[in-house]
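Report on the structure
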Amino acid sequence: MAAAGIAAASELLHSLKLIACYQQGSCMLIRRISTAKLQCSSQTLVKSAPQQLVGVVGLEIHAQISSNTKLFSGSSVQFLAPPNSLVSFFDASLPGTLPVLNRRCVEAAVMTGLALNCTINKKSVFDRKHYFYADLPAGYQITQQRRPVAVDGVLTYSFLGGKKRNQVMRKNVHIKQIQLEQDSGKSLHDDVNSQTLIDLNRAGVGLMELVMEPDMSCGEEAAAAVRELQLILQALGTCQGNMSEGQLRVDANVSVHRPGEQLGTRTEVKNINSIRYLARAIDFEIQRQTDVVQRGGTVVNETRAYNSKSGETVAMRDKEGLQDYRFMPEPNLPPLMVFEDIASLPAGIEAGQAVILQTIKEGLPELPSIRRDRLVQAYGILPEHSFTLVNEDGLMEYFEAVMKSTKREPRKAIGWVTNELLGLLKQQDMTVSQRCSRRCGGHQVRRRYRSSESRTWGSLVMALSCT
């Protein structure tokens with residue numbers, strides 16, 4: 001009798017342990033988004049759990065071409081000009097007006113394609129993309145859908161990673177295409193008087209749309225890729241890249257999936273005009289979609305906007321299908337031809353009238369990646385220091401000016417420049433180029449140094465900082 005009671009108690013205790021173990025395993029399964037069979041051993045649970053959801057990010061970047069006039073008209077390009085003061089008859093889409101292609105814009109797109117290791121199409125064509133907005137007078141945009149000017153490129157970008165975030169991590173993102181297209185006008189919403197005003201100054205301004213493949217997985221990688229592209233465009237002179245003025249606008253396509261499975265439904269976060277906001281918007285959207293999938297919901301294919309105040313993305317509208325744009329060939333523009341060299345020009349066409357690849361290749365400047373390698377070799381500094389010098393606006397030029405004006409050890413100079421000087425400027429929310437352009441020129445920097453022989457190195461750097 002006693003033996004039977006002991007056996008029953010032992011069985012009951014064993015059952016309770018199993019229940020506790022299963023409950024613990026269930027909690028772990030929920031946290032891990034797992035559908036695996038419940039296991040008692042946490043080690044076995046980790047092995048049998050499916051892979052976690054990961055983010056997939058692709059980018060569409062609109063870069064305003066640095067040109068004095070618009071893509072298809074002679075109207076000037078100027079930021080903050082009086083409303084509707086830079087509008088030609090063609091920009092306003094008056095009947096009988098025809099487009100005239102701006103050669104400078106074509107050369108800028110070709111130069112950008114070469115810098116990004118793209119294949120330049122010797123023959124590209126223009127198309128009409130139809131959609132109806134109040135700030136698009138013609139009811140369509142002239143773009144390059146079927147055969148763009150450049151395809152199949154690669155952008156190599158870097159960011160600081162590792163446990164201490166002091167290791168330079170390099171990754172590649174593939175460039176699907178670079179296409180020329182018109183910008184639209186601007187809608188100004190007057191909530192007080194319940195009306196919308198239209199400014200067509202921006203209508204017809206030349207844009208390069210760069211389409212990046214979904215090779216990135218988080219906001220940090222996307223932000224690093226856009227910053228590298230911004231530096232390249234600025235070095236080339238093809239785009240000033242001032243995001244606060246809308247010269248570089250980013251649309252992020254974001255989805256989540258488990259590695260090895262098909263990509264999930266994507267959403268598009270439109271018109272992000274800050275690299276910092278880009279990283280935050282993507283990371284928020286990845287987390288939002290992950291939460292939706294964890295709850296058993298379905299991610300909606302839609303366009304969203306990023307609210308910088310709340311740090312969240314909000315729904316704008318359902319995604320328009322490709323067929324809604326009703327693409328058709330642009331009948332008023334012939335194919336765009338790019339020639340390999342002067343010898344390949346047809347008879348009757350002068351070199352000044354054509355876009356020649358050889359000439360553009362010879363004019364390519366030093367790119368950011370080459371600058372970083374040169375700094376490491378010339379001054380013996382660490383790669384992460386060269387990364388900081390090149391990525392901070394004006395810091396590389398300032399560092400080289402310091403090295404020319406002093407006899408200090410480069411590694412000591414880089415420490416003061418990247419720590420003391422950069423820290424001071426960041427407290428004032430300024431860049432080196434902004435500070436020096438406001439306060440002093442390069443000759444004044446050298447003169448201050450000569451009068452500061454007895455100062456400590458720290459005081460010398462502060463004097464050089466133009467404060």
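All of the points below concern the structure found in this document. Here the structure is a predicted model, which means the values were calculated and not measured. (Residues numbered from 1 in each chain as written. Predicted model: local features only at pLDDT ≥ 70, side-chain atom pairs only at ≥ 80, totals over all residues. Heavy atoms only, no water.)

1. Some points on the sheet that holds strand β15 (residues 328-329)
Here we have three strands laid out as an open sheet, ordered β5-β4-β15, and antiparallel in their pairing. Of all the strands in the sheet, the pair left with one neighbour each is β5 (140-143) and β15. Relative to β5, strand β4 (residues 127-130) is paired through four bridges, and the arrangement is antiparallel. Pairing of His 130 across the sheet is with Tyr 140, part of β5. (Pairing = 2+ DSSP bridges. Helix = DSSP H or I, 4+ residues; strand = E, 2+ residues; numbered from the N terminus.)

2. A short note on unusual backbone geometry
The phi torsion at Leu 80 lies on the positive side, around 65°, for a residue other than glycine. Counting through the fold element by element, Leu 80 comes out in the loop between β1 (54-64) and α3 (103-115). If you check the backbone angles, Asn 117 has positive phi at about 60° while not being a glycine. Structurally, Asn 117 is set in the loop between α3 and β2 (119-120).

3. Some details on the layout of surface pockets
In this model, the second largest pocket occupies a volume close to 1700 Å³. Taken together, 41 residues line the second largest pocket, and the ones lying closest to its centre are Arg 227, Gln 230, Ile 275, Asn 391 and Glu 392. Contributing elements (two or more residues each) for the lining of the second largest pocket: β6 (150-161), α4 (219-236), α5 (275-294), α8 (383-391), α9 (395-405), α10 (410-427) and α11 (432-439). Here the lining of the second largest pocket takes eight residues from α4, the largest share from any one element. (1 Å grid on protein atoms, 1.4 Å probe; cavity = no way out; pocket = protein on both sides within 12 Å on 5 of 7 lines; lining within 4 Å. Points joined across faces, edges and corners; volume = space filled by probe spheres on them.)

4. Focus on α9
Where burial is concerned, most of α9 is hidden: eight out of the eleven residues are buried. For α9, the full list of buried residues reads Leu 395, Met 396, Tyr 398, Phe 399, Glu 400, Val 402, Met 403 and Ser 405. (Buried < 20%, exposed > 50% of the residue type's maximum accessible area, 1.4 Å probe, protein only.)

5. A word on the pairing of strand β14 (residues 312-318)
Examined bridge by bridge, strand β13 (residues 302-307) and β14 share six bridges and lie antiparallel to one another. Opposite Glu 302, over in β14, you have Asp 318 as the bridge partner. Between β13 and β14, which follow one another and run antiparallel, lie four residues, and Gly 311 among them has a positive phi close to 75°.

6. Thoughts on the nonpolar core
In this structure, Leu 59, Val 110, Leu 155, Met 212, Met 216, Leu 278 and Ile 282 are the most contacted members of the largest nonpolar core, which totals 64 residues. Apart from residues lying up to four places away in sequence, Met 216 is in contact with Gly 55, Val 56, Val 57, Gly 58, Leu 59, Tyr 157, Val 173, Glu 221, Ala 222 and Ala 225. Core analysis: the second largest hydrophobic core is formed by 18 residues, Leu 375, Phe 399, Leu 421 and Leu 425 among them. (Core = buried A, V, L, I, M, F, W, Y, C linked by side-chain atoms within 4.5 Å. Contact = heavy atoms within 4.5 Å.)

7. With respect to the environment of Ser 88
With respect to the helices, strands and loops of the structure, Ser 88 is situated in the loop between β1 and α3. Taking relative accessible area as the criterion, Ser 88 reaches 19% and is therefore assigned buried. Remark: the alpha-carbon pair of Ser 88 and Asn 201, spanning 113 residues in sequence, is separated by 9.2 Å. For Ser 88, the residues in contact, after removing those within four places along its chain, are Ser 73 and Ser 75.

8. Some details on the packing of α8 against α9
Viewed as axis vectors pointing N to C, α8 and α9 meet at an angle of 115°, and their least axial separation amounts to 6 Å. Classed by the angle they form, the pair α8 and α9 counts as roughly perpendicular. Taking contact as the criterion, the partners of Thr 388, Leu 389 and Val 390 in α8 are, on α9, Leu 395, Met 396 and Phe 399. Split into classes, the residues belonging to the contact of α8 with α9 amount to five nonpolar, one polar and no charged. (Axes fitted to C-alpha atoms, helices over the stretch in contact; angles between N-to-C directions. Parallel < 35°, antiparallel > 145°, perpendicular 65-115°, else oblique. Nonpolar A, V, L, I, M, F, W, Y, C, P; charged D, E, K, R; others polar.)

9. Concerning the packing of α3 against α4
Two packed helices can be described by the angle between their axes and the distance between those axes. Between α3 and α4, whose axes approach to 10 Å, the crossing angle comes to 130°. The angle between α3 and α4 falls in the class oblique. The chirality of how α3 crosses α4 is right-handed. Contacts from Met 111, Thr 112 and Ala 115 of α3 reach α4 at Ile 232, Leu 233 and Leu 236. (Left-handed = near helix turned anticlockwise from the far one by under 90°.)

Read these as spatial facts, not as claims about activity.
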